[in-house]
Amino acid sequence: MPTARSPSSSSVASSWTLPAGMRATKATRALAALYEARPDAALSESEVEAALAAAGAPVNKVTVYRMLDRFAAAGLLHKQVDAARVTRFALASQDEDTAVPRFECGDCHRQFRLAQGSARVQSALKQVLAALATAGHESLAVDVAVRGRCAGCAHPAGGAAA
Ligand SMILES: [Zn+2]
């Protein structure tokens, strides 16, 4: 897997508003690029630490935790604890420009975040929003949802795993 070293990754980082008092560093940019590349990932500190090192921005554990906590406090990341009591950080949904498409089942009302194609949908959305902004429109809430019936409801006999 190629590391995010292309100039285009800097535009990704600029879409994040850094928390007050936080400087844009190689590490914060790498962190933003990491979540942009994996918008559905809920990453642990050690996974983030490894990914930043792989991206050429190695930082120590304390710094990784500090960054993640500050991004979480700023609402950019959502902090959660998994079943194994590992703290994980996932991208918080941001209505204005990074709406994550989701699927809603009309029968059981479960919601799934759509991983596949999500990045493409988001980049398309950004173009739409940029065009609207250019036209002078502002403050747009984006909600992308696909409604239908989930596999479990559509094919109950198939015994689809949850
Ligand atoms: Zn369903």
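Provided above is the structure to which this section pertains.
Remember, it's a predicted structure, so these values are computed and weren't measured experimentally. Counting from 1, residues in each chain are numbered in the order their sequence is written. Local features in this predicted model are restricted to residues whose pLDDT is 70 or higher, and side-chain atom pairs enter the listing and the counts only when it is 80 or higher, whereas totals over whole chains, interfaces and linings include all residues. In computing side-chain values, all of the structure's heavy atoms are included and hydrogens and water are not.

### Some points on the overall build of the chain
Inference 1: Note on conventions: DSSP H or I runs of at least 4 residues are helices, E runs of at least 2 residues are strands, and numbering of each starts at the N terminus. Looking only at helices and strands, the chain has six helices and six strands in total.
Inference 2: The helix and strand sequence of the chain, counted from the amino end, reads α-α-β-α-α-β-β-β-β-α-β-α.
Inference 3: Exposed residues in this analysis have more than 50% of their type's maximum accessible area, buried residues have under 20%, and partly exposed residues fall in between, with area computed by a 1.4 Å probe over protein chains only. Counting over 162 residues, the chain shows a buried share of 30%.
Inference 4: If you sum the accessible surface of the chain, you get close to 9900 Å²; carbon and sulfur atoms cover 54% of it. Areas reported as accessible are Shrake-Rupley estimates using a 1.4 Å probe. Residue values count occlusion only from the protein chains shown.

### Structural notes on the coordination of the zinc ion
Working reference: metal with six octahedral donors, ideal angles 90 or 180 degrees; metal with four tetrahedral donors, ideal angle 109.5 degrees.
Inference 1: Within the protein, the atoms that donate to the zinc ion are Cys105 (SG), Cys108 (SG), Cys150 (SG) and Cys153 (SG), at distances of 2.2 to 2.3 Å.
Inference 2: Taken together, the four donor atoms coordinating the zinc ion and their angles of 104 to 114° define a geometry best described as tetrahedral.
Inference 3: Donors, by definition, are the N, O and S atoms found within 2.8 Å of a metal, the threshold being 3.2 Å for Na, K and Ca, and water is not counted, so a site can look incomplete. Sequence positions of the donors to the zinc ion reduce to the motif C-x2-C-x41-C-x2-C.
Inference 4: Look at Cys105 and you get buried, because its relative accessible area is 2%. Only four donors with every angle between 85 and 135 degrees are called tetrahedral; only four or six donors with opposite donors over 155 degrees apart and all others between 65 and 115 are called square planar or octahedral, in that order; all others are irregular.

Functional significance is not addressed by these values, which are geometric in nature.
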